[in-house]
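Residue-level structure breakdown
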Amino acid sequence: MKRLFWIAAISTLAASCGQTGGTFVEIPFRGQGTEPLTFAKDGWEVTLSQATLGFGAIYFCATDSALSSRCEVAILEYTEGVTLNGLDPTEQSIGSIFGTTGTIRTAFFDYGIVWLLTEPLPEALAGVPGGPAIVRFDSPNYVPDGHSARFAGTATCIEDASICCPGAMTCPSSYTFEANVDVLVVQPGTPAVNGARTAQEVTTEPLALTIVFDPNTWWQAIDFRRLATLDDGAGPVVLSPEDPDYSALVISMTANALPTFVWSSPTMEP
Amino acid sequence: MTDGQRSKVSEMEESTVKNAIWIVGALSLILPIAGCGDDQGSGADGNLSVLLQAEETIVNGIQAGTGEENILDGFDVDFSRYIVSVGLVEMNQVDGGNPQASSVIAVADFTSLPTTLPELTAFDGIPTGQYTEFGFATPVLTTSAVNVNQVPANDVDAMVTNGWTYFIEGTITQVSDGATKEFLIQADVPSVYKACAVEGQQPGVNVSRNSSVDITLHGDHMFFNGFPDEEGNVLRLAQWMWDIEDTDGDDVLTQADFEAATDVGTLFPSPPQGVYELTGGPISPIDNAWDFIRAELGTQGHIFGEGECEWSPL
């Protein structure tokens, strides 16, 4: 409530300084995944079988800058957490985003883990995988719980073993892999993703938003040759934060392959 | 959340907004009286000199250590050349009033700028007051660019021919054993900086009868752990550069070597294992170390030392 008050209050203050104010709006918000897409990389054919995503909070801003300090007041916001099936290409209801009319140029968001400036540790929001929970990443026993994403899949060697496992004595013909990812930030008070581009004029006309994720693209950044060296035949290869490919996944999720925003005029709302 | 809960929340929020409207309505009446700091002058007797300034990291290098400005993982970095194209200053007062623009493009070696700060361009006889929007560019060089401090003609020609906006030469030293590597960064990063502002002050620059603004180029962003809002929150690290292999064996790290370093997860580890956050940069995707360098170079423009500007590719 308090946050919404400040949106209204500060928007009006800004209006008196030459910017536009806004009228309250509520916009249906949905998520959408991308169906599993088998792809080939470095001799390996890869298919994801699971991509369970934690998402939220998200703030939509007028600034076209990626500097969150240039967005002191969000135009729209969704402050809760939600779990989405990243491999389901159908629309999945998230809820509503609230705010005011205005021009949107950027979005700032988290993958289900929010670290408020006032809190000593980040928190996985209620509604995301394993949430709500305090994320004690500073503990020596910390293991990511997959609050942001839980992945599983299979890699099959489709080339000569010398290509799939260069320099290795043995090479599995196939292996399964898993990754539980917590997308964390270094500094409290900062979002995991800054300045994602999305242009939309928000008016009082009906509007809906769908955010579309493609986990297949995220995994195309992974070194499946390196993962093959971790396979011991006793179960899935599990990515840990020490593995460079864990970081590669996070980089894909937060910088290199951001979800896209699809604004539409709803024809029929449930 | 159920539909019932959602409906309840919506009602509460709408009610809160209605209450807020009364308060902000009153404030809207008060604020115009108080003024919004636009301070738009009407006379045409303002003069603004736009000066070039190098951050001390360019002039004195960046030292290993534990201080706020140090490289934390044990490396010194020194620059012998830090040549940059800069110009195309634009500014205006509130609501686009009294727009001013300069077409001047200059090239300067920021390792050896005069301490008196050379002038890039000047606006004379313009309306005084606060120019709430101030920006500039690091554009592709042209043959007509002003050579600020005797940058060698060969270097300038190479920048013009290749579209480089940055020509940086330096040395990274591993403090633990004194081992060194040379690096040469000749990069095309045409960028625009706008909405420059010093924290705690009115955005932009104030123009009076005799005023000046420093365009400050930073030199340490290549060693940042991301693209942070405030440099007070940044960490400086150089292990990634030290780990780059000299793939072509020419004893200097160059674009080809940086491009060959594609294992970004190893170079720039994410939390909790590392501290890199590659979100929000001006160049995406960051698939190798060269992408990272170009993205960081595209954020280095400031005013008055630490005043931040919004950056984007030109």
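Each value, and the rule that gives it
- Residues numbered from 1 in each chain as written.
- Chains lettered and ligands numbered in written order.
- Predicted model: local features only at pLDDT ≥ 70, side-chain atom pairs only at ≥ 80, totals over all residues.
- Heavy atoms only, no water.
- Buried < 20%, exposed > 50% of the residue type's maximum accessible area, 1.4 Å probe, protein only.
- Helix = DSSP H or I, 4+ residues; strand = E, 2+ residues; numbered from the N terminus.
- Arc of directions from axis to C-beta.
- Contact = heavy atoms within 4.5 Å.
- Pairing = 2+ DSSP bridges.
- Axes fitted to C-alpha atoms, helices over the stretch in contact; angles between N-to-C directions.
- Core = buried A, V, L, I, M, F, W, Y, C linked by side-chain atoms within 4.5 Å.
- Phe/Tyr/Trp six-rings, centres within 6.5 Å; stacked < 30°, edge-to-face > 60°.
- Lys NZ or Arg CZ within 6 Å of the ring centre and 35° of its normal.
- Salt bridge = Lys/Arg side-chain N within 4 Å of Asp/Glu carboxyl O.
- Disulfide = S-S within 2.5 Å.
- pLDDT = per-residue confidence, 0-100.

1. Notes on helix α3 (residues 153–162) of chain B
All names here are of chain B.
- Looking at α3, one finds that the buried residues are D155, V156, A158 and M159. An end-on view of α3 places all buried positions within 160° of arc, on one side of the element. With respect to the buried face of α3, the exposed residues turned more than 90 degrees away are A153, N154 and T161.
- On its buried side, α3 packs onto β2 (75–93), β4 (105–109), β8 (146–147) and β9 (166–174).
- Within two residues after α3, G163 carries a phi angle of roughly 75°, on the positive side.

2. Section: the sheet that holds strand β5 (residues 76–78) of chain A
All names here are of chain A.
- Here eight strands make up an open sheet; going across it, the order is β14-β8-β4-β5-β7-β1-β15-β17 and the pairing mixed. Sheet topology places β14 (193–202) and β17 (260–264) at the edges, where each strand pairs with a single neighbour. Averaged over all pairs of adjacent strands, the angle between their axes in this sheet comes to 25°, without regard to strand direction.

3. A short note on the nonpolar core
- In terms of nonpolar packing, the biggest core is built from 73 residues, with F110(B), F134(B), I185(B), W240(B) and F258(B) touching the most fellow members.
- Broken down by element, this core gets its largest block of residues, eight residues, from β2(B).
- Beyond its immediate stretch of four places on either side in the chain, W240(B) contacts M222(B), F223(B), F258(B), L267(B), F268(B), Y276(B), A289(B), F292(B) and I293(B).
- Grouped together as the second largest cluster of nonpolar side chains are 61 residues, F151(A), C157(A), V181(A) and V237(A) included.

4. Looking at the packing of aromatic side chains
- Within this structure, the stated rule accounts for 34 aromatic pairs over all chains.
- The interplanar angle of 75° and the centroid separation of 6.4 Å between the aromatic rings of F109(A) and F261(A) together place this pair among those described as edge-to-face. Separated by 152 residues along the polypeptide, F109(A) in strand β8 (residues 102–109) and F261(A) in strand β17 bring together distant segments of the chain. The burial state of F109(A) is the same as that of F261(A); both residues are buried.
- Above the plane of the ring of W242(B) lies K181(B), whose end atom (NZ or CZ) is 4.9 Å from the centre.

5. Details of the pattern of salt bridges
- Taken as a whole, this structure holds twelve salt bridges over all chains when the rule is applied.
- The shortest N-O distance in the salt bridge between R150(A) and D145(A) comes to 3.6 Å.
- Looking at D145(A), the relative accessible area reads 35%, which means it is partly exposed.
- Notably, a salt bridge pairs R209(B) with D45(B), separated by 3.3 Å at the nearest N-O pair. With R209(B) in the loop between β12 (205–207) and β13 (211–217) and D45(B) in the loop between α1 (3–34) and β1 (46–54), this pair connects stretches of sequence that are 164 residues apart.
- Members of the salt-bridge network, linked through shared partners, are R226(A), D245(A) and D263(B).

6. Topic: the state of the cysteines
All names here are of chain A.
- For the structure shown, the criterion picks out four disulfides over all chains.
- Paired through a disulfide, C61 and C71 show a sulfur-sulfur distance of 1.9 Å. Linking C61 and C71, the disulfide has an S-S dihedral of approximately -80° and is accordingly described as left-handed. With C61 in strand β4 (residues 58–61) and C71 in the loop between β4 and β5, the pair connects residues that are ten residues apart, well separated along the chain. Neither C61 nor C71 differs from the other in exposure class; each is buried.
- Covalent S-S linkage joins C157 and C164, the inter-sulfur distance amounting to 2.0 Å. Across the S-S bond linking C157 and C164, the dihedral sits near 95°, which makes this disulfide right-handed. As far as burial versus exposure is concerned, C157 and C164 are alike and both buried.

7. Describing the confidence of the model for chain B
- Per-residue pLDDT for chain B averages 88, and the proportion of residues at 70 or more is 86%.
- Low pLDDT, under 50, characterises residues 1–38 of chain B; the predicted model gives this stretch 35 contacts beyond four residues in sequence or across chains.

8. A few points about unusual backbone geometry
- With omega at 0°, the peptide bond leading from G131(A) into P132(A) counts as cis.
- Residue placement: P132(A) occurs in the loop between β10 (123–124) and β11 (133–134).
- Cis geometry marks the peptide bond from S284(B) to P285(B), where omega comes out at 5°.
- Tracing the chain through its elements places P285(B) in the loop between α6 (264–267) and α7 (289–297).

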